[in-house]
Amino acid sequence: MILKHICRLTMGFALVGVTGCMPQKQAVMALPAEYAAFQFADEIAGLELHFHEENMDHRELEGGRRFFTASGIIANTSDEKVKVLPLMFAFKDKREKVIFLHEVALPHGDIQAHEVMEVNAYILDVPKESKHIEIGWKAVGGGAGAVGATQAD
C-alpha cells in the first residue's frame, strides 16, 4: 500500500522519572494566529514520506528544555525529478489543537527519479503539552489545502 505524503504519529510524551502536579488553574498561553489556521500543503505527486515511530525520540534535558528527534526518508516513486517543499512538524495537544510548529530544512530542493532523501530533525523547546505530531509539506504561498493524515507504517 502506498503511503500518503503525511504521517501522523501518536506520541505519548510522558517522560520517565519526571513527576509533578499541574495547578488547577493555568494561564492561557496566547498562540500565534497561524497555529489556529494552519494547514499542510496538498500532496506532491510521486513523493512519499516515511517516518516510523521507532525512529523518533523525545526527552527532557537538564534545565527542563524538551528535545525531539525524528529521522525518516522522502521517496520519489515517479520517473521524473520532483521539487520538494520544506517539511513542517505540527505538534498537537490532547485535543488535537496545534500548539507548536517547526519547519525542517531539507538537504536538497529536489529528488531524482526513484531516489530517496534522508531527513533528520532535531527540535528544541517542544511544549510539554505536546501529545501528537503530524508531519507534512509546508504550504508555500497560496493554494494550501488540508490533507488527511495516515498512521505511520
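Residues numbered from 1 in each chain as written. Predicted model: local features only at pLDDT ≥ 70, side-chain atom pairs only at ≥ 80, totals over all residues. Heavy atoms only, no water.

### Describing the pattern of salt bridges
Test applied: Here, a salt bridge means any side-chain nitrogen of Lys or Arg that lies within 4 Å of a carboxyl oxygen of Asp or Glu. Secondary structure follows DSSP: runs of H or I at least 4 residues long count as helices, runs of E at least 2 residues long count as strands, and numbering of each begins at the N terminus. Under the scheme applied here, a residue whose accessible area is under 20% of the maximum for its type counts as buried, over 50% as exposed, and between as partly exposed, the area being computed with a 1.4 Å probe on protein chains only.
Scanning all chains against the criterion turns up seven salt bridges. A salt bridge links lysine 81 to aspartate 110, with the nearest nitrogen and oxygen atoms 3.7 Å apart. Pair noted here: lysine 81 is in the loop between strand S3 (66–76) and strand S4 (82–83) and aspartate 110 is in strand S7 (residues 110–111), with a separation of 29 residues, a long-range link. Lysine 81 sits in the exposed class, given a relative accessible area of 53%. Across the salt bridge formed by glutamate 103 and lysine 138, the nearest N and O atoms sit 2.7 Å from each other. Within this pair, whereas glutamate 103 is found in strand S6 (residues 98–104), its partner lysine 138 is found in the loop between strand S9 (132–137) and strand S10 (150–151), the two being separated by 35 residues in sequence.

### Brief notes about the environment of isoleucine 123
Mapped onto the fold, isoleucine 123 is located in strand S8 (residues 116–124). For isoleucine 123, a relative accessible area of 0% corresponds to the buried category. Placed 65 residues apart in sequence, isoleucine 123 and histidine 58 show a C-alpha to C-alpha distance of 9.4 Å.

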